[in-house]
Amino acid sequence: MRGFDEAQVRFSTAVRAAAPLWAAGCWIRAGLLAGVWVTLLWADPADRARGAAQLLVGTGAVLLAFAHVRPEVLAALGQVPGLRRLVDHLTSTSGRATVDASGLAEGAGALLATWLFAGPFPLASLPPAARLVGLTLAVLYVWEAVLQAVIDPGWYSVEQPPPRGMRVFRRTFAPVLSTIILVGAAPYTEHAVSTTAWLVLSATPYLYYPVWAAFDVLLRASVSHAGTSHLLNRQEIAIDLHSQVKNSAGLLQRYVDEPAPVLAEVRSLAREVLMRVEEMRRDVLDVQRDQRRRRFGDLWDTTQRVLPSHWRSACVLTEGGAVVLGPADAQIARRVLPDLLTNALNAGAGSVELACRADADEVVLTVRDDGPGVTAEDLDRPHGSAALLRQRLVLFGGGIEWTATGAGTLVRAHWRTQSHGAGTRLSPPGTDRRGGH
């Protein structure tokens, strides 16, 4: 996106944050339910059967919650007869603050799990210690299940914002749930837990407020950081446009405006502008690239992209794609490389192979093609492309030689290394053979 939509970035950040939080919450609830299952070991056999029946609802709900965050699982469930509508429903509620089948199942499972230890029909055979442990685990299960709804990314949705009733529900749910735990599942038997423990457990929903506030603070901080990064990135792009593309284009414009511009030099400068535009595009897309040191293979790819499409398949890099050039050498290569290729192709070559070698002393580009190469007449023309290319390389302590091989032409272009540390190789030579795009 060109601009910075704060609300959309907040929603996107919430979606990214909610995925691992939801998965972690599913594992936490699964662990809490596993603990509740263990407490049934202290109950009589008849009570165990009833307890298992009640816990199956919550267990199935957790499994459904796991499936809700795994598209591949939902896709597999969609192939099961009778489950297509359920899968469509779960898919349609993703990213929305709404009540879905998964949430309703977990609510029913949490209520049934809590009633195993307190409420109208607890398991009478459980000893007090097991009852307290089970009740604590069940209430924590309720707390964790509802927490997922409190920080659901749907609350921040831009295209499908939650209705007013849901927003009110989010703000008032803590006291409502606290009251339900305190009164709706209050202990009715002599096996009840202590009043202090019951009050502490019933007050746990109020922890939603600090968790919710912390989640919002993290979202605001993330959005602020994203906004700052977006602004800095735009500033850097603007600077690069001015220092690289605009300067190159300005140089081309001044040269064209001269009374008698040299056509070969105009073409070379135009190709350099195209190269810089293509490099900038790739730099913007690939934030990991080191813009100060260029792999020759990257320069090769950039050159391929600015060549006419019918020439690309004829050009092959045989060696040197992993060679790293410093800024000055990369700038020279940016001017020389397209000239070498276009000179060979314009001379009638149908196949061009290029290799690069660089060390602390010299950078060498070698071109083999099946064309006739340049003629003495080409070299004698002071404003021809071959002569201009030679003049440019001589300025950097190098030169260029054309040699007829019988089957074509061998061209060796070289210059004295201008950058400290040039010639670094990232991978063994000969492993990066590539053709046109």
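Data block above holds the structure.
Reading guide: rules and limits
Every chain's residues receive numbers from 1 upward, in the order its sequence appears when written. Only residues with pLDDT of 70 or above have their local features reported here, since the model is predicted, and side-chain atom pairs are shown and tallied only from 80 upward, although totals for entire chains, interfaces and linings are computed over all residues. The basis for every side-chain value is the complete set of heavy atoms in the structure, and neither hydrogens nor water enter the calculation. When DSSP finds two or more bridges between two strands, those strands count as paired. Helix and strand labels come from DSSP, where a helix needs a run of H or I of at least four residues and a strand needs a run of E of at least two; each type is numbered from the N terminus. The axes are straight lines fitted to the C-alpha atoms, using for helices just the contacting stretch, and the angles between their N-to-C directions are given from 0 to 180°. Two residues qualify as a contact provided that any one of their heavy atoms is within 4.5 Å of a heavy atom in the partner residue. Partly exposed describes any residue whose relative accessible area lies between the buried limit of under 20% and the exposed limit of over 50%, with all areas from a 1.4 Å probe on protein chains only and scaled to the type maximum. For the purpose of charge, His is not counted, nor are the chain termini; Lys and Arg are scored as positive and Asp and Glu as negative. Note on definitions: salt bridges are taken to be side-chain nitrogens of Lys or Arg within 4 Å of carboxyl oxygens of Asp or Glu. Within 3.5 Å is the distance limit for a polar contact, defined as a pair of N or O atoms, with the added protein rule that one can donate a hydrogen and the other accept it, and that residues adjacent in sequence qualify only through two side-chain atoms. With respect to orientation, any angle under 35 degrees is reported as roughly parallel, any angle over 145 as roughly antiparallel, any angle of 65 to 115 as roughly perpendicular, and every other angle as oblique. A crossing counts as left-handed when the near helix is turned anticlockwise from the far one by less than a right angle, and as right-handed when that turn is clockwise. Each residue is assigned to one of three groups, with Ala, Val, Leu, Ile, Met, Phe, Trp, Tyr, Cys and Pro labelled nonpolar, Asp, Glu, Lys and Arg labelled charged, and all others, Gly among them, labelled polar. Only buried Ala, Val, Leu, Ile, Met, Phe, Trp, Tyr and Cys residues count toward a nonpolar core, and they belong to the same one when joined by side-chain atoms within 4.5 Å.

Turning our attention to the sheet that holds strand β5 (residues 362-369). If you walk across this open sheet you meet the 5 strands as β2-β4-β5-β7-β6, and the pairing is mixed. Two strands lie at the open edges of the sheet, namely β2 (315-319) and β6 (399-404), each paired on one side alone. For this sheet the average axis-to-axis angle between neighbouring strands, irrespective of direction, equals 20 degrees. One ladder, built from 4 bridges, connects β2 with strand β4 (residues 352-358); its direction is parallel. Among the inter-strand pairings, Cys-315 is bridged to a residue of β4, identified as Val-352. Strands in contact with helix α11 (residues 296-306) are β2, β4 and β5; relative to β2, the strand with the most contacts, it is inclined by about 175 degrees. In this fold helix α13 (residues 327-346) packs onto β2, β4, β5, β6 and β7 (409-416), with an angle of close to 165 degrees to the strand it touches most, β7.

On to the side chain of Arg-131. Relative to the assigned elements, Arg-131 resides in helix α6 (residues 128-150). Notably, Arg-131 is buried but unbridged: the nearest opposite-charge side chain belongs to Asp-47, and the N-O separation is 7.7 Å. Polar contacts involving the side chain of Arg-131 include one to the main-chain carbonyl oxygen of Phe-117, which spans 2.6 Å.

Moving on, we get to the packing of helix α1 (residues 6-39) against α6. Close contact between α1 and α6 brings their axes to 9 Å; oriented N to C, the two are set at 160 degrees. What the angle tells us is that α1 and α6 run roughly antiparallel. For the pair α1 and α6, the sense of crossing is left-handed. Of the residues in α6, those in contact with Leu-21, Trp-22, Gly-25, Cys-26, Ile-28, Arg-29, Leu-32, Leu-33, Gly-35, Val-36 and Thr-39 of α1 are Ala-130, Val-133, Gly-134, Leu-137, Ala-138, Leu-140, Tyr-141, Glu-144, Ala-145 and Gln-148. Looking at the contact of α1 with α6, its residues break down into 14 nonpolar, 5 polar and 2 charged.

Position of Ser-178 among the secondary structure elements: in helix α7 (residues 164-184). Non-local contacts of Ser-178, meaning those with residues more than four positions away in its chain, are made with Ser-202, Ala-203, Pro-205 and Tyr-206.

Before going further, it helps to spend a moment on the environment of Arg-271. Checked against the element boundaries, Arg-271 lands in helix α10 (residues 263-285). Spatially, the C-alpha atom of Arg-271 lies 9.0 Å from that of Arg-334, the residues being 63 residues apart in sequence.

Let us now look at the nonpolar core. Within the largest apolar cluster, 45 residues are counted, with the highest numbers of intra-cluster contacts made by Leu-55, Phe-117, Leu-135, Val-146, Tyr-156, Leu-177 and Tyr-208. Examining the composition of this core, we find that 11 residues originate from one element, α6, more than from any other. Tyr-156 has contacts with Ala-7, Arg-10, Phe-11, Ala-14, Arg-170, Trp-212, Phe-215, Asp-216 and Leu-219, leaving out every residue within four places of it along the chain. Among the nonpolar cores identified, the runner-up in size contains 33 residues, and Phe-296, Trp-311, Ala-344 and Cys-356 belong to it.

This structure, assessed with the given rule, holds 9 salt bridges. Among the ionic pairs, Arg-357 bridges to Asp-359, the shortest N-O distance being 3.3 Å. Looking at Arg-357, the relative accessible area reads 39%, which means it is partly exposed. A residue is classified by how much of its surface remains accessible, and Asp-359, at 30% relative accessible area, is partly exposed. Here Arg-412 and Glu-362 are joined by a salt bridge, their closest N and O atoms 3.5 Å apart. Of this pair, Arg-412 sits in strand β7 while Glu-362 sits in strand β5, placing them 50 residues apart in sequence. Taken together, the salt bridges that share partners define one network made up of Arg-357, Asp-359, Glu-362, Glu-401 and Arg-412.

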